[in-house]
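# Results of the structural survey
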Amino acid sequence: MVTDPAEGATPGDTSATDGPLFRVDEVGVRFGGLVALDEVSLSVAPGEVHGVIGPNGAGKTTLFNVCCGFVTPSSGTLHWRGEPVRGLRPHRLAQMGIARTLQGVGLFRGLTVLENVMVGADRHHRAGFTSALLALRRSDRDERALRERAHAVLTELGTETYADRLPGSLPYPVQKRVALARALVAEPQMLLLDEPASGLGADDMAELGTRIRGLRDRMAVVLVEHHMDLVMTVCDRITVLDFGRVVAEGTPDQVRDDPAVIDAYLGEEAA
Amino acid sequence: MAVPVRNSESDEAGRSVPPGRPRPLDVVRRWLPRSTFGRHALLVLVGAVAVVLVLETTSPFRNSQFATLSYYAIAAAGLTVLTGLNGQISLGHGALMAVGAYTTGLLLGSAGPPPLILVLVVAAAVTAVVGVVVGAAASRLHGPYLAGATLAFAIAVPGLAIYFDGVLGGEQGMQIDSPRAPAWFADAIYFLSANEMSGAKYLAYIGWATLLVVLLLLANLAAGRVGRVWRAVRDDEVAAELAGIRPGPVRVLAFTVSAACAGLAGAVLGIVVRLAAPSGFTIVLSLGLLTAVVVGGLGSLTGALLGAALLVFLPPAVTNLGTAAGLSGVAAAELAPLVYGVVLVLVVLLAPTGVVGGVRRMWQSIRNGAGRSGVGGNGRERS
Ligand SMILES: Nc1ncnc2c1ncn2[C@@H]1O[C@H](COP(=O)(O)OP(=O)(O)OP(=O)(O)O)[C@@H](O)[C@H]1O
Ligand SMILES: [Mg+2]
């Protein structure tokens, strides 16, 4: 685990590191013969909204999977708060301060909305197995604390009325919000969002944009998204992938007019 | 004996009861203790009173049926937690019961047998250790592979008893000396009911006391973080991992807890039947337990109890019906497994959430029909 000099500091507090919060250096991933990522680098500053765009199959989800330890890169390194990350395993992310939403919704279908979010808050739990087995007071107190955290985030996202419902019974946009709540309740310093706007209507998407902008004083956000207008309005910087390679990097304005980007997307339309 | 497995809405502060008319359950809830332990302990106390009433007013034959019910229910409760809450199937629970029964036999057969409570604890602990090993192997497997691995275990264990026939008694099995009721207990029951303590009745008391403790502990686990994490891993491993949960150890823990229950069940079985023999722990036992938890409703402790009751009371009832209809004794006895199968198929087809799930849904539709439910009103179980 990363030794954390700023343990206990508020999320988004950047006093511990002056450099980027998170850095990906020349990462390569191959699946058999297919090169999914080729020397991909990316740097996320604290409080920044960083977009990752590219046509279907460009390697965006794979990049997230590398950042989460689901895929071990064949080359390249990761740095979190200035320290190299080795042997990353997904279950360590929460403690490190990284949360991620999954493409789709990925909610626990047999758990109520509230329970889903409580699982997201699991890294804050204190009571152990024995106190749960014996239902000691400690365990009740712990549960109450988790429930309060979960409620607070559900309320923040306007979904508290669904607390006792199963996700399957809810409209898709509400499910997406619950998935976001589950990631936010962990109070990460960096949030990875994989296509959070897919399946949303114009209103929900606009609200999501405002919400993402509003997260910046608490955490950095890395956003994979196909909806260009959303990406262009909420991102501070954008990395463009095509066939596993970074073809452009810069502010939305720089990226918008980059011929390589237009090429990548035109190529997609022509295909 | 309703031991709720889910109680996401029923706790102290921060409870999320929707606005609107108070529901009948809320009125009841207000009178329940506020702590999880208090609530569950109250249910267990009510259960204990019921047990005394039932055992003191029924025949010795029924007493021994209830003793049988107790060990099926202990094992089924452990299995429903594993399969229902954590999504792991096990065909090896009969074999885990064998571990508990043989451990009990060895301990009670030793020169200076330890006190009964210690025997039960050791049987549970030994089986839990076996559970850690099997669970660790199983935690990497899913679906049919998991079923296959636990099946292999189920077949191997009775074989061990035959292989080590010097210690374990081989095919014949191992006689187990059942403990006798201590004087204070017999006196207490006499004081309460003016009934004498019989051997069979004492064994039923042991079984039910063990069952109530098991239900209390499992309900505690299921109601809180441990149960929630088990269900999360069951539903979506990747999402659980992103929340900082390690699916492997979580699975092993669930398997271990479940195995400890099976060990206790085996210990009670050994004491009640007075024998631990390979023929008592065949794959039929494991399948019976699975039937019980599926019919009762996966993940529900009440369902496990109902399912176990089915295992005990259905076969004689069916056999009686068969002989009444003019079948020979042998043919009538063969009806029972057939009826099991039919019941299992019917439940899976008509009420996949089992008896408890079906009742819960009916109760919900009645409630939603009568008083309109608030905005946050229960959409649970509707998926
Ligand atoms: N586990 C895997 N095994 C083999 N190939 C894979 C695997 N995961 C991804 N790929 C391949 O790697 C490439 C990049 O996939 P990835 O899912 O990262 O794309 P993406 O940019 O997220 O696309 P989309 O926009 O459709 O989500 C694709 O060609 C995909 O088929
Ligand atoms: Mg993708």
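Residues numbered from 1 in each chain as written. Chains lettered and ligands numbered in written order. Predicted model: local features only at pLDDT ≥ 70, side-chain atom pairs only at ≥ 80, totals over all residues. Heavy atoms only, no water.

### Some words on the domain arrangement of chain A
Residues and elements named next belong to chain A.
- Here the domain parsing of chain A yields domain 1 (1–97 + 189–271) and domain 2 (108–187).
- Placing the centre of domain 1 and that of domain 2 at their C-alpha centroids yields a distance of 26 Å.
- Across the boundary between the two partners, domain 1 contributes 18 residues, which contact 11 residues of domain 2.
- Taken together, both faces of the contact between domain 1 and domain 2 bury some 1200 Å²; the carbon and sulfur share is 57%.
- Summed over the shared surface of domain 1 and domain 2, the number is 3 salt bridges.
- Arginine 177 is paired through a salt bridge with glutamate 207; the nearest N and O atoms lie 3.9 Å apart.
- At the boundary of domain 1 and domain 2, one finds 4 residue pairs in polar contact (both at pLDDT 80 or more).
- For the side of domain 1 that touches domain 2, the secondary-structure elements that each account for two or more residues are helix 2 (93–96), strand 7 (190–194) and helix 7 (202–214). (Domains from an automatic or database assignment. Contact = heavy atoms within 4.5 Å. Buried area = accessible area lost by both parts, 1.4 Å probe. Salt bridge = Lys/Arg side-chain N within 4 Å of Asp/Glu carboxyl O. Polar contact = N/O pair within 3.5 Å; in protein donor to acceptor, adjacent residues only side chain to side chain. Helix = DSSP H or I, 4+ residues; strand = E, 2+ residues; numbered from the N terminus.)

### Re the packing of helix 2 (residues 36–57) of chain B against helix 9 (residues 199–223) of chain B
All names here are of chain B.
- Look at helix 2 against helix 9: their axes get within 10 Å of each other, and the N-to-C directions meet at 160°. Classified by the interaxial angle, the pair formed by helix 2 and helix 9 is roughly antiparallel. You can see that helix 2 and helix 9 cross each other, and the crossing is right-handed. Listed contacts from helix 9 to Thr36, Phe37, His40, Ala41, Val44, Gly47, Ala48, Val51, Val52, Leu55 and Glu56 of helix 2 are Lys201, Ala204, Tyr205, Trp208, Leu212, Leu216, Ala219, Asn220 and Ala223. (Axes fitted to C-alpha atoms, helices over the stretch in contact; angles between N-to-C directions. Parallel < 35°, antiparallel > 145°, perpendicular 65-115°, else oblique. Left-handed = near helix turned anticlockwise from the far one by under 90°.)

### Observations concerning a nonpolar patch on the surface
Residues and elements named next belong to chain B.
- Residues Leu338, Val342, Val345, Leu346, Leu349 and Leu350 make up a contiguous nonpolar surface patch of roughly 620 Å² in combined accessible area.
- Within the fold, valine 345 resides in helix 15 (residues 329–350).
- Owing to a relative accessible area of 48%, valine 345 belongs among the partly exposed residues under this scheme. (Patch = residues over 30% accessible without salt bridge, like charges linked within 9 Å, V, L, I, M, F, W, Y side chains within 5 Å. Areas by Shrake-Rupley, 256 points an atom, 1.4 Å probe, with all protein chains shown as cover. Buried < 20%, exposed > 50% of the residue type's maximum accessible area, 1.4 Å probe, protein only.)

### What about the site of ligand 1?
Residues and elements named next belong to chain A.
- Near ligand 1 you find 13 residues, and of these Asn56, Lys60, Thr61, Thr62 and His226 are the closest.
- Between an oxygen atom of ligand 1 and a side-chain N or O atom of asparagine 56, the distance comes to 2.8 Å.
- Note that an oxygen atom of ligand 1 is positioned 2.7 Å from one of the side-chain N or O atoms of threonine 61.
- Summarising the interface, the protein chains cover 61% of the accessible area of ligand 1, which totals 630 Å² for the free molecule.
- Taken together, the elements giving at least two residues each to the shell around ligand 1 come down to strand 2 (34–44) and helix 1 (60–68).
- Considering every element that reaches the shell around ligand 1, the biggest residue donor is helix 1, with 3 residues.
- In terms of residue class, the shell around ligand 1 is built from 4 nonpolar, 7 polar and 2 charged. (Near = heavy atom within 4 Å. Nonpolar A, V, L, I, M, F, W, Y, C, P; charged D, E, K, R; others polar.)

### Here we look at the interface of chain A and chain B
- With 43 residues of chain A at the contact, the number on the chain B side is 45 residues.
- Per-residue buried area on chain A facing chain B is highest for A:His91, A:Phe129 and A:Asp164; these three make up 17% of the total on that side.
- Where chain A meets chain B, there are 4 salt bridges.
- Between A:Arg89 and B:Glu241 there is a salt bridge, and its shortest N-O distance comes to 3.8 Å.
- If you look at where chain A meets chain B, you find 10 residue pairs in polar contact (both at pLDDT 80 or more).

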